[in-house]
Amino acid sequence: MNADIDLFSYLNPEKQDLSALAPKDLSREQAIVELERLAKLISHYDHLYHDKDNPAIPDSEYDALVLRNRRIEQFFPDLIRPDSPSQKVGSRPNSRLPKIAHRAAMLSLDNGFLDQDVEDFLGRVRRFFNLKENQAVICTVEPKIDGLSCSLRYEKGILTQAVTRGDGVIGEDVTSNVRVIDDIPKILKGNNWPEIIEIRGEVYMAKSDFSALNARQTEENKKVFANPRNAAAGSLRQLDPNITARRSLRFLAHGWGESTSLPADTQYGMMKMIESYGLSVSNLLARAENIGQMLDFYQKIEAERADLDFDIDGVVYKLDQLDWQQRFGFSARAPRFALAHKFPAEKAQTTLLDIEIQVGRTGVLTPVAKLEPVTVGGVVVSSATLHNSDEIERLGVRPGDRVLVQRAGDVIPQIIENLTPDVDRPIWHFPHRCPVCESVARREDGEVAWRCTGGLICPAQRVERLCHFVSRTAFEIDGLGKSHIESFFADKLIETPADIFRLFQKRQFLIEREGWGEISVDNLISAIEKRRKIPFDRFLFALGIRHVGAVTARDLAKSYQTWDNFKAAIDEAAHLRTILQPSSDESEEKYQKRVDKELISFFHIPNMGGKIIRSLLDFFAETHNSDVVSDLLQEVQVEALYFELASSPLSGKIIVFTGSLQKITRDEAKRQAENLGAKVASSVSKKTNLVVAGEAAGSKLLKAKELDISIIDEDRWHRIVENTGQDSIKI
Ligand code: IVH
């Protein structure tokens, strides 16, 4: 047993759930255990948040953990751990971007949640400076932007370096990335800036840009971001600035780091100077002379929060006088002269009216809660995401329940609690059919999502599938891109793959379409005609069956050689699956394993396990899918893969293509070579067996001659391919 666990059970013998106890009620032993738990938990969330751009819990819950940690430490100051979150700024940077040490540390802010925390802050200032009753403490007030802090270094007015906060000591070099942000001047305006000044602020993404980005990501089948902050972090911390450039980031300055001189003697004055250099500074920045004004400002901003186009999570107060800032100083983690006054999470109660299922473009079924409209933080919310069936189960929600709704990261409303779990109501079952096309929905082992299996016919997925169908690695139809598919689909010109091959019947109609003409239509039709014959593996891959990628399709094609053989095997396996019945003493899991085992040995294809087989059988079991395939087979001819790779004289040989090929692309040549069992290399060496020289071949050809390697021209290559590798050539 591990020593830690021993100590744990010793200190907390009853294994009590300490998280339910208030900090003041903890015994010393319990505090030790609880502080350790919090340190580990918070560091885990830090890691997810900073390194993975993936917050696992809402900020408000995270803040509550940090606050609890701090409160316990206030009761037991001698128990503060070296790895306590109160001693750290953030987690270490962890991307492949170069690391840069900050010249002046980039610290965090102390948080307050209650008006009392603001009073305590002012009390600390008053005591420290020994102020009289009537002496005012002036503070700046401004929104706390939920972005990603960044330090911009200007030398002689020129942007020379940009670094993220990282762990406060070492950050990541994002200089080339920030150069594409419009809000960040490459050269400062005017000429009365300090010789060197590091301007610090937040890189963030506007809510409107965030929604547009996520819509684009979904469309391109890429990861969507949980909130604008993560989208901003993910977009800034890119190795390729071109990606950053497409992401519409903004910057708002809120301070400075190293500076060779200070052009003003107040925080407010400094920010106005920074604004005059051409950087954006919040137009909500103001000065407050007493606690009343500070709290008024807080309330005013909170009321405006929902209408701002960027996420904020509180306001920040800073002592205005720079000499006071300096005297009051810093703790290891944060400036003492500033306080972040956070907003409470925005929550409201309402009734769950219904659970609807939305089908995404890749077939994922997402449950959406339909709510009785309720105002949450100034915004009317009538639906919330439920993520997946696990989440519904976790919450135990059913239509009719009262629920607690929260706007997380200010964007996507979420249900955080079922307030009526005990009311007698039937459990809500996740549907096992797609609500759009009625095909069977499946959830695979180890996956959370249910997916519709009707890929080719499901209206929600068709466009995506058609795009895959014509893509370069599938049918490779030149000139039929995503935008064409989308518009042809919208106009019902192409609804299934077979329609593509019937497009020629609409030639005249197409010619009259906007943006098309005789030449472009004829080019498209001839590109389509070229693909009426298609190798078996490409055909299978083009169907877009889940888990049947190019490699699996090839393995299947090699094994069955003709489509008919393959289809017969599928039918037989489907039959086998239906006759394998569970025995009475067998668990569901055991039965599934037995079925998988039988099917795997039936197909007997290396690397083809139960998951792929189930997916194949499910696909063909749907009559809609089989119909689409049969219809397509009326239009195209699937070519068999007859030759035996091992017997090809090219099998195992290394081939280099050089120069430009006239009849086929490099990709196709590579594929042909691989079909014959050869490997394709990009450079000529002693190991090369054959060089195929196209037109204007250069250095590789010379090298091949030098090394006395067999060289053939493109025509000869085509003869070899046509003879499926049989040629008199000796290599
Ligand atoms: S002042 C010494 N002002 O909040 C750090 N920070 O939770 C002084 N932040 O790392 C920071 N808005 O990135 C300041 N108006 C604002 C801010 C702000 C957002 C960020 C900042 C800091 C984090 C701390």
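1. With respect to the pattern of salt bridges
Applying the stated criterion to the full structure yields 43 salt bridges. Close ionic contact of arginine 507 with glutamate 518 constitutes a salt bridge, the shortest N to O distance being 3.4 Å. On the criterion of sequence distance, the pair formed by arginine 507 in helix H16 (residues 507-511) and glutamate 518 in helix H17 (residues 518-529) is long-range, its members being 11 residues apart. By relative accessible area, glutamate 518 is classed as partly exposed at 48%. Residue arginine 507 pairs with aspartate 522 through a salt bridge whose shortest N-O separation is 2.7 Å. With a gap of 15 residues between them, arginine 507 in helix H16 and aspartate 522 in helix H17 connect regions that are remote in the sequence. Of the residues examined, arginine 507 reaches a relative accessible area of 26% and is grouped as partly exposed. For aspartate 522, a relative accessible area of 31% corresponds to the partly exposed category.

2. Some points on the site of the ligand
Neighbouring the ligand are 14 residues, the closest being Lys144, Ile145, Ser149, Arg165 and Glu202. At 3.2 Å, a side-chain N or O of glutamate 142 approaches a nitrogen atom of the ligand. At 3.1 Å, a backbone N or O of proline 143 approaches a nitrogen atom of the ligand. For the ligand, the protein covers 85% of the area, taking 520 Å² as the surface of the free molecule. Contributing elements (two or more residues each) for the shell around the ligand: strand E3 (139-145) and strand E10 (312-319). When residues of the shell around the ligand are assigned to their parent elements, the largest contribution, four residues, is made by E3.

3. So, the packing of helix H4 (residues 115-129) against helix H10 (residues 291-304)
Two elements in contact, H4 and H10, have axes separated by 11 Å at closest approach and are oriented at 140°. When the axis of H4 is compared with that of H10, the two are oblique. Between H4 and H10 lies a crossing of right-handed hand. Residues Asp115, Val118, Glu119 and Leu122 of H4 pack against Ile291, Met294 and Leu295 of H10.

4. Digging into the side chain of asparagine 69
In this structure, asparagine 69 sits in helix H3 (residues 59-75). Residues within four places of asparagine 69 in sequence aside, it is in contact with Leu35, Leu38, Ile42, Ser84, Pro85 and Ser86.

5. Some remarks on the sheet that holds strand E9 (residues 286-288)
The sheet built from five strands is open, its strands ordered E2-E11-E10-E3-E9 with mixed pairing. Sheet topology places strand E2 (111-112) and E9 at the edges, where each strand pairs with a single neighbour. In this structure, E3 lies alongside E9, joined through three bridges in antiparallel fashion. In the strand pairing of E9, cysteine 139 is matched with alanine 288. Most of the contacts of H10 go to E10, to which it runs at about 160°, and overall it touches E3, E9, E10 and strand E11 (338-342).

6. A few points about the side chain of threonine 244
Its location among the elements puts threonine 244 in helix H8 (residues 241-245). In this structure the side chain of threonine 244 is engaged in a polar contact, spanning 3.0 Å, whose partner is the backbone oxygen of serine 235. Residues in contact with threonine 244, not counting those within four places in the same chain, are Asn177, Val180, Ser235, Leu236, Gln238 and Leu249.

Thresholds, definitions, all that
Residues numbered from 1 in each chain as written. Predicted model: local features only at pLDDT ≥ 70, side-chain atom pairs only at ≥ 80, totals over all residues. Heavy atoms only, no water. Salt bridge = Lys/Arg side-chain N within 4 Å of Asp/Glu carboxyl O. Helix = DSSP H or I, 4+ residues; strand = E, 2+ residues; numbered from the N terminus. Buried < 20%, exposed > 50% of the residue type's maximum accessible area, 1.4 Å probe, protein only. Near = heavy atom within 4 Å. Polar contact = N/O pair within 3.5 Å; in protein donor to acceptor, adjacent residues only side chain to side chain. Areas by Shrake-Rupley, 256 points an atom, 1.4 Å probe, with all protein chains shown as cover. Axes fitted to C-alpha atoms, helices over the stretch in contact; angles between N-to-C directions. Parallel < 35°, antiparallel > 145°, perpendicular 65-115°, else oblique. Left-handed = near helix turned anticlockwise from the far one by under 90°. Contact = heavy atoms within 4.5 Å. Pairing = 2+ DSSP bridges.

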